[in-house]
Amino acid sequence: MLSTEVKIFDTTLRDGEQVPGCKLNTEQKLIIAEKLEELGVDVIEAGFPVSSPGDFRSVEEISKMIKNTTVCGLTRAVKNDIKVAAEALKFAKHPRIHTGIGTSDSHIKYKFNLTRDQIIDRAFEAVSYAKSFVEDVEFYAEDAGRTENFYLARVCEVAIKAGATVLNIPDTTGYCLPSEYGAKIKYLYENVKGIEKAILSCHCHNDLGLATANSIEGLINGARQIECTINGIGERAGNTALEEVVMILKQHPHLNLDTNIKTKNLYGVSQLVSEHMGIYTQPNKAIVGANAFSHSSGIHQDGVIKQRETYEIIDPKDVGASASNIVLTARSGRAALAYRAKNVGYELTKLQLDVVYLNFLSFADRKKEIKDSDIHQIIETSRVYQEIISA
Ligand code: KIV
Ligand code: ZN
């Protein structure tokens, strides 16, 4: 019987940090790791220890600092990588080694120049070796998205036999359609012998903008861990966005799937990651973008002012964002102007509003957005100003 709990595996500090020009130093990684633990992620992938002394140090320091969350280090299916990762994780209260190898025909042929059977042997040896250091070993089948399902199931079986506790099924190139990725997870869930001893994990890239949709399809079809990053950052078009998966599950209770994430921390962590990495979050980014709770057209503004839910499916407070924002532009109506004027201290009658609105429109045609200071100016230059302030 599948559990209703979805584990959140955060890879902001490993896959997310692979964004060119966004390298974090150990101190920055420690600041973010502390906030990730507070956010409630189940696993922090802290780095790829063999890749550089800096990454080794980051994994080691994060392992010392983190109390309850599992700390994970990435390796290739190479003995020295695994040994170095185990060394970096030696202070972790809950260490996990994440090892694996490419399984698609193109990886097998062009990257490794091996046969399918040789890849299976490498997978078995890597997981067995990792198991000699830690109990919790996750195996990844790189490019699983383009790996034939029958062969992928064989690789997974061998990884489980060697002791893998989690099977990561990455859509490394972001190629799959949600229906294909979901069918892959379902196939593995139904056909891999021993699958009850491990959980399936979704690790989706966003090259076609489908990372979140694919991850959700994976969950619906039997996966119970999502690998994701804050703000969806990562190589090329990025990874699955943590905040999107978490809020989809929260907004759709009929899926009967839950995470341990404290959603009120989402906005703050998003800002923190964006500042430290120097990556600006696009304004229309779901959940954490600057415009995610902004309304600028008159029809929407009127609806939101009457009842927030008319045009908002998430309460901004639930993700730690400030209240819904009524943006004044030339497309705004009287309701929005009255609302914003009231916020800065002017209670307008219907007749006064009609007059001020005409003044507002000529301002708004000249400016992209009307700020609070502009509202004062608009009202002060309206012929009903004296009447408004003496009321
Ligand atoms: O995208 C991928 O395949 C990966 C693996 C190394 C887990 O990041
Ligand atoms: Zn990846």
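All values reported here derive from a predicted model rather than from experimental measurement.

Along the protein chain, the regular secondary structure elements total 15 helices and ten strands. When its C-alpha atoms are laid out on the principal axes, the protein chain stretches across 85 × 40 × 35 Å. Relative to its 391 residues, the protein chain shows a buried fraction of 54%. Long-range pairs, those at least 24 residues apart, make up 72% of the contacts in the protein chain with a sequence separation of at least 6. As displayed, the protein chain has an accessible area near 17700 Å², and 53% of this comes from carbon and sulfur atoms.

Here we take up the layout of surface pockets. Here the largest pocket is characterised by a volume of approximately 430 Å³. Along the walls of the largest pocket sit 24 residues, with Arg 14, Leu 74, Lys 111, Tyr 140 and Glu 142 positioned nearest its centre. Broken down by secondary-structure element, the contributors of at least two residues to the lining of the largest pocket are strand 4 (95-102), helix 4 (105-112), strand 5 (136-142) and strand 6 (166-171). For the lining of the largest pocket, the element with the most residues is strand 4, which contributes four residues. Classifying every residue of the lining of the largest pocket gives eight nonpolar, eight polar and eight charged. The calculated volume of the second largest pocket comes to roughly 350 Å³. Lining the second largest pocket we find 20 residues, and of these Asn 231, Gly 232, Ala 237, Gln 282 and Lys 285 sit closest to its centre. Residue classes in the lining of the second largest pocket are distributed as seven nonpolar, eleven polar and two charged.

On to the site of ligand 1, then. The environment of ligand 1 is formed by Arg 14, Asp 15, His 98, Tyr 140, Glu 142, Asn 168, Pro 170, Thr 172, His 203 and His 205. Within the side chain of Asp 15, an N or O atom sits 3.1 Å from an oxygen atom of ligand 1. Between ligand 1 and the protein, one listed contact pairs an oxygen atom with a side-chain N or O atom of His 205 at 3.0 Å. With respect to the detected pockets, ligand 1 is housed in the largest pocket. For the shell around ligand 1, the secondary structure elements donating two or more residues are strand 5 and strand 6. Of the residues belonging to the shell around ligand 1, the class tally is two nonpolar, five polar and three charged.

Now for unusual backbone geometry. Positive phi, close to 50°, is recorded for Asn 113, a residue that is not glycine. With respect to the secondary-structure elements, Asn 113 resides in the loop between helix 4 and helix 5 (116-131). For Asn 256, which is not glycine, the phi dihedral falls at a positive 60°. With respect to the secondary-structure elements, Asn 256 resides in the loop between helix 9 (242-251) and helix 10 (266-277). A relative accessible area of 51% means that Asn 256 is categorised as exposed.

Pairing between side chains of opposite charge can happen when the charged atoms of each approach one another. Inspection of the entire model under this criterion finds 34 salt bridges. Asp 15 serves as the salt-bridge partner of Arg 14, at 3.6 Å between the closest nitrogen and oxygen. For Arg 14, a relative accessible area of 10% gives the class buried. Residues participating in the shared-partner salt-bridge network are Glu 17, Lys 23, Lys 29 and Asp 55.

Right, let's talk about the coordination of the zinc ion (ligand 2) for a bit. For a metal with four tetrahedral donors the ideal donor-metal-donor angle is 109.5 degrees, whereas six octahedral donors ideally subtend 90 or 180 degrees. In this structure, Asp 15 (OD), His 203 (NE2) and His 205 (NE2) serve as the protein donors to the zinc ion (ligand 2), at separations of 2.0 to 2.1 Å. Ordering the donors of the zinc ion (ligand 2) by residue number gives the pattern D-x187-H-x1-H. With a relative accessible area of 5%, His 203 lands in the buried category. Residue His 205 is classed as buried on the basis of its relative accessible area of 5%.

The assigned domain composition of the protein chain is domain 1 (7-277) and domain 2 (294-389). The distance between the C-alpha centroids of domain 1 and domain 2 comes to 45 Å. Counting from both sides, the interface comprises seven residues of domain 1 and, opposite them, seven residues of domain 2. Among the residues domain 1 hides against domain 2, the three largest losses belong to Gln 251, Lys 264 and Tyr 267. Together they make up 65% of the total. Along the contact surface separating domain 1 from domain 2 lie zero salt bridges. At the junction of domain 1 and domain 2, the tally comes to four residue pairs in polar contact (both at pLDDT 80 or more). At the level of elements, helix 9 and helix 10 are the ones that each hand at least two residues to the side of domain 1 that touches domain 2. Among the elements that make up the side of domain 1 that touches domain 2, the one with the highest residue count is helix 9 (three residues). In terms of residue class, the side of domain 1 that touches domain 2 is made up of three nonpolar, two polar and two charged.

Quick notes on the rules
Residues numbered from 1 in each chain as written. Chains lettered and ligands numbered in written order. Predicted model: local features only at pLDDT ≥ 70, side-chain atom pairs only at ≥ 80, totals over all residues. Heavy atoms only, no water. Helix = DSSP H or I, 4+ residues; strand = E, 2+ residues; numbered from the N terminus. Buried < 20%, exposed > 50% of the residue type's maximum accessible area, 1.4 Å probe, protein only. Contact = heavy atoms within 4.5 Å. Areas by Shrake-Rupley, 256 points an atom, 1.4 Å probe, with all protein chains shown as cover. 1 Å grid on protein atoms, 1.4 Å probe; cavity = no way out; pocket = protein on both sides within 12 Å on 5 of 7 lines; lining within 4 Å. Points joined across faces, edges and corners; volume = space filled by probe spheres on them. Nonpolar A, V, L, I, M, F, W, Y, C, P; charged D, E, K, R; others polar. Near = heavy atom within 4 Å. Polar contact = N/O pair within 3.5 Å; in protein donor to acceptor, adjacent residues only side chain to side chain. Sits in = over half its atoms within 2 Å of the grid points. Salt bridge = Lys/Arg side-chain N within 4 Å of Asp/Glu carboxyl O. Donors = N, O, S within 2.8 Å, 3.2 Å for Na, K, Ca; no water. Domains from an automatic or database assignment. Buried area = accessible area lost by both parts, 1.4 Å probe.

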